[in-house]
Amino acid sequence: MLRLTLGLVTVFAFSVIIFSTFSFLPGDFATEILGQSATKSAVKALRAELGLDKPPVTRYFDWLGNVFQGDFGSSFSGRSKVQGDQGDRSRLVTELIIPRLKNTLFLTGVSAVVAIPLALLLGISAALFRNSYYDRSATGLSLVTVSSPEFFTGYIFILLLATLFPIFPTIATVNEDTTLAERFYRTALPVFTLTLVTMGHMMRMTRSAIINILSSEYIEMAKLSGATRYEVVVNHALPNAWAPIAQVITINLAYMLIGSVVVEFVFNYQGIGRLMVGSVYNRDIPVVQACALIFASTYVILNLLADLIGIISNPRLLYPK
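Definitions and limits used
Residues numbered from 1 in each chain as written. Predicted model: local features only at pLDDT ≥ 70, side-chain atom pairs only at ≥ 80, totals over all residues. Heavy atoms only, no water. Helix = DSSP H or I, 4+ residues; strand = E, 2+ residues; numbered from the N terminus. Contact = heavy atoms within 4.5 Å. Areas by Shrake-Rupley, 256 points an atom, 1.4 Å probe, with all protein chains shown as cover. Axes fitted to C-alpha atoms, helices over the stretch in contact; angles between N-to-C directions. Parallel < 35°, antiparallel > 145°, perpendicular 65-115°, else oblique. Nonpolar A, V, L, I, M, F, W, Y, C, P; charged D, E, K, R; others polar. Phe/Tyr/Trp six-rings, centres within 6.5 Å; stacked < 30°, edge-to-face > 60°. Buried < 20%, exposed > 50% of the residue type's maximum accessible area, 1.4 Å probe, protein only. Lys NZ or Arg CZ within 6 Å of the ring centre and 35° of its normal. Patch = residues over 30% accessible without salt bridge, like charges linked within 9 Å, V, L, I, M, F, W, Y side chains within 5 Å. Salt bridge = Lys/Arg side-chain N within 4 Å of Asp/Glu carboxyl O. Core = buried A, V, L, I, M, F, W, Y, C linked by side-chain atoms within 4.5 Å. pLDDT = per-residue confidence, 0-100.

## A look at the overall build of the protein chain
Within the protein chain, the secondary structure is distributed over 14 helices and zero strands. Reading the secondary structure of the protein chain in the N-to-C direction produces α-α-α-α-α-α-α-α-α-α-α-α-α-α. Restricting to contacts in the protein chain with at least 6 residues of sequence separation, those with at least 24 account for 72%. Counting every atom, the protein chain has about 17,800 Å² of accessible surface; 66% of that belongs to carbon and sulfur.

Laid out in structure tokens, this is it:
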């Protein structure tokens with residue numbers, strides 16, 4: 001219950017920071033929408049329509065109340081900049097976000113399906129052959145992938161698999177009519193990038209968790225009973241190492257979602273991260289606030305899930321020492 005309360009407080013704090021950051025930016029958003037040639041009366045009318053004439057505290061609680069009802073407001077980007085044009089072509093923020101969010105969830109979901117089994121396989125095998133050439137090679141490679149930023153890894157994949165060897169497309173363009181097979185093909189490079197930058201951390205954590213368990217007394221008893229190295233790791237060490245492994249996997253899922261912002265921008269993938277970057281450029285504040293709140297809430301929820309998995313795997317965490 002305490003963790004849930006802290007999670008809600010964290011989301012509330014994030015909402016305050018998100019709203020304040022964009023509300024106190026210099027410049028007038030109404031003038032930005034209408035253009036510099038707009039009259040003062042037109043700017044004043046638009047400010048009243050958008051609620052920008054209200055105090056920041058009032059606007060925050062109005063925004064927060066609408067968010068609880070699933071209403072993130074209307075996008076600024078569809079409004080005409082021609083003075084006197086009364087045709088409001090603005091769209092609801094949810095209409096813009098939902099299709100992009102589906103694309104992002106597809107990208108992170110496929111990346112997780114690829115990265116998690118590979119990380120577990122590499123981590124368990126590295127623990128099985130500890131201090132071997134294979135272990136040192138896998139650990140060194142994982143360190144390189146963890147240290148490489150997403151945009152650098154993405155450009156390397158573009159150079160190798162799209163330019164020198166044109167196997168996959170450089171731009172991951174998808175839409176509602178794209179078939180599943182075509183979607184897999186077009187998102188191959190973004191999936192490879194997200195997989196590589198997150199797999200190393202999960203692999204290293206799996207290896208470390210199993211090696212720590214291998215120093216336990218009951219592992220020595222299992223060895224003395226005649227169990228093979230494989231049986232010791234898989235049947236005795238791995239079940240007791242699930243708690244830290246599951247936690248790091250859950251945290252990396254959150255990192256995949258946040259890291260997709262850079263990956264989507266590199267590959268021009270039409271996800272929520274790409275939408276957020278474009279909205280920042282266009283000063284579409286309602287869309288940026290909604291995207292940022294979704295990212296923050298998802299990160300908090302997945303961290304709470306990681307704590308819950310740790311408690312389920314090790315019930316002793318429920319009882320403080």
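After that view, the rundown keeps rolling.
## As for the packing of helix H9 (residues 188-214) against helix H11 (residues 229-240)
Remark: H9 packs on H11, axes separated minimally by 9 Å, with the N-to-C direction vectors making an angle of 105 degrees. Classified by the interaxial angle, the pair formed by H9 and H11 is roughly perpendicular. Residue-level inspection shows Ile-210, Ile-213 and Leu-214 of H9 in contact with H11, the latter providing Val-232, Val-233, Ala-237, Leu-238 and Asn-240. When the residues that make up the contact of H9 with H11 are grouped by side-chain class, the tally is seven nonpolar, one polar and no charged.

## Overview of the packing of aromatic side chains
One pass over the full model with this rule turns up nine aromatic pairs. Judged by centre distance (5.5 Å) and plane angle (65 degrees), the rings of Phe-19 and Tyr-60 are edge-to-face. Of this pair, Phe-19 sits in helix H1 (residues 2-23) while Tyr-60 sits in helix H4 (residues 56-68), and the two are 41 residues apart along the sequence. For the pair shown, Phe-19 and Tyr-60 are each scored as buried. Ring centres of Phe-106 and Phe-184 lie 5.5 Å apart, and the angle between their planes is 45 degrees; this geometry places the pair in the tilted category. On the criterion of sequence distance, the pair formed by Phe-106 in helix H5 (residues 93-128) and Phe-184 in helix H8 (residues 180-186) is long-range, its members being 78 residues apart. An aromatic cluster of at least three residues, connected via ring pairs, comprises Phe-12, Phe-19, Tyr-60, Phe-61 and Trp-63. A cation sits over an aromatic face here: Arg-183 above Phe-106, 5.4 Å from the ring centre.

## Re the environment of Val-93
Relative to the helices and strands, Val-93 is located in helix H5. Along the primary structure Val-93 and Phe-76 are separated by 17 residues, whereas in three dimensions their C-alpha atoms are 9.2 Å apart.

## Quick word on a nonpolar patch on the surface
Together, Phe-151, Phe-152, Tyr-155, Ile-156, Leu-159, Leu-160, Leu-164, Phe-165, Ile-167 and Val-262 make up a nonpolar patch on the protein surface, roughly 930 Å² of accessible area in all. Relative accessible area serves as the criterion here: at 34%, Ile-156 is assigned to the partly exposed category.

## Points about the nonpolar core
One finds Ile-210, Leu-214, Ile-245 and Ile-249 to be the most contacted residues of the largest nonpolar core, which totals 29 residues. Counting residues per element, the ones that place at least two in this core are H5, H9, helix H10 (217-224), H11 and helix H12 (242-266). Ranked by residues supplied to this core, first place goes to H5 with nine residues. When residues no more than four places from it in sequence are discounted, the contact partners of Ile-245 are Leu-120, Thr-206, Ala-209 and Leu-238. Residues Phe-19, Trp-63, Leu-275 and Ala-290 belong to the second largest nonpolar core, which totals 26 residues.

## Regarding the packing of H12 against helix H13 (residues 272-282)
At a closest axis distance of 7 Å, the pairing of H12 and H13 adopts a crossing angle of 80 degrees. Judged on the interaxial angle alone, H13 and H12 are roughly perpendicular. On the side of H12, the interface is formed by Val-261, Glu-264 and Phe-265, while H13 contributes Ile-272, Gly-273, Arg-274 and Val-277. Of the residues that constitute the contact of H12 with H13, the class distribution is four nonpolar, one polar and two charged.

## With respect to the confidence of the model for the protein chain
Of the residues in the protein chain, 88% reach a pLDDT of 70 or more, and the chain-wide mean stands at 82. Looking across the protein chain, the model is least confident in helix H2 (residues 29-34), with a mean pLDDT of 68, and most confident in H8, with 92. Scored below 50 in pLDDT, residues 80-89 makes 14 contacts in the model with residues more than four places away or belonging to other chains.

## A few points about the side chain of Thr-108
For Thr-108, the position within the fold is in helix H5. Of the residues examined, Thr-108 reaches a relative accessible area of 10% and is grouped as buried. Residues within four places of Thr-108 in sequence aside, it is in contact with Leu-194, Met-256, Leu-257 and Ser-260.

## Some remarks on the pattern of salt bridges
A complete count under the given rule lists two salt bridges for this structure. For the salt bridge of Arg-207 with Asp-135, the shortest nitrogen-to-oxygen distance reads 2.7 Å. Taken together, the residues Arg-207 in helix H9 and Asp-135 in helix H6 (residues 133-147) connect sequence positions 72 residues apart. Relative accessible area serves as the criterion here: at 17%, Arg-207 is assigned to the buried category. Asp-135 gets classed as buried once you look at its relative accessible area, which sits at 2%. Note that Arg-186 is salt-bridged to Glu-182, the shortest N-O span being 2.9 Å. Of the two residues, Arg-186 and Glu-182 both sit in helix H8, four residues apart, roughly one turn of that helix. Residue Arg-186 is classed as partly exposed on the basis of its relative accessible area, which comes to 26%.

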